[in-house]
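Here is how the chains run, residue by residue.
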Amino acid sequence: MESVTDDQELLNQSATFGAMTEASSLDWKIVAAHNRAFAADVAERVLDHLRLLEGDCGGFAVDRLEHSVQTATRAYRANKSDEYVVCALLHDIGDTLGSYNHQDVAAAILKPFVSDDHLWMVEKHAIFQGYNFFHHLGLDRDMRDQFRGHRAYDLTIEFCQEFDQTAFDPSYTSMPLSEFVPAVEAVFADPKNSIYLTDDGQMAGTNS
Ligand SMILES: [Fe+2]
Ligand SMILES: [Fe+2]
């Protein structure tokens, strides 16, 4: 691990190159130190982005933030793991930017931090949720059938049927978002899957 003093020294500096082809190793040590510091706050930025869902109901009886918190609360009260609950909380975070593929936005944010099965559950939830309404809109409610036999098929059905499709109830008492913050911080503190991790699991640029 780079010592705090070393990192602090690097954080007081900026790289000087105007083109990457001109950069030195010191330049990249500086950039990597800044990136480590910035990445440490990713959970706060994710939560800030989640809060953008507040106030937009999209025609539902609750707004998108309440739907997210209600989904997470239902999962929490069913004794699901912290990682599962965080996936439940963030599964629709892509609604603001991904009007045509919100599930992919959530999956991209969670990909470095969660198991393959939880990632698949988030990525595929929009298709599995379609079982509950696609037939009302001229779409195929059985679109999920193409994934029959996948290891996370039943997990994703459970998520959609038990927690996601039930979380539009304005009379339900959800936990406040603040109660989920420690779990979000814990999940986002430990990236496992990233091209920027070295073979020993350290962020690239971290001295050992
Ligand atoms: Fe969704
Ligand atoms: Fe949802």
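Residues numbered from 1 in each chain as written. Chains lettered and ligands numbered in written order. Predicted model: local features only at pLDDT ≥ 70, side-chain atom pairs only at ≥ 80, totals over all residues.

1. Quick notes on the overall build of the chain
Line of reasoning, step 1. Looking only at helices and strands, one finds 9 helices and 0 strands in the chain.
Line of reasoning, step 2. Its helices and strands in sequence order give the chain the pattern α-α-α-α-α-α-α-α-α, from N to C terminus.
Line of reasoning, step 3. The principal-axis extents of the C-alpha atoms in the chain amount to approximately 60 × 35 × 35 Å.
Line of reasoning, step 4. Expressed as a percentage of the 208 residues in the chain, the buried residues total 30%. (Helix = DSSP H or I, 4+ residues; strand = E, 2+ residues; numbered from the N terminus. Buried ≥ 20, exposed ≤ 12 C-beta atoms within 10 Å, placed from the backbone.)

2. As for helix H5 (residues 82–90)
Line of reasoning, step 1. Across the 9 residues that make up H5, a large majority, 7, are buried.
Line of reasoning, step 2. Those residues of H5 hidden inside the fold are in contact with helix H3 (42–51), helix H4 (64–77), helix H6 (102–110), helix H7 (116–129), helix H8 (153–164) and helix H9 (181–188). (Contact = placed C-beta atoms within 7 Å.)

3. Comments concerning the environment of Tyr 100
Line of reasoning, step 1. On the secondary structure map, Tyr 100 appears in the loop between H5 and H6.
Line of reasoning, step 2. With 5 C-beta atoms counted inside 10 Å, the residue Tyr 100 sits in the exposed group.
Line of reasoning, step 3. Each C-alpha atom, one on Tyr 100 and one on Asn 132, is 18 Å from the other, the two residues being 32 residues apart in sequence.

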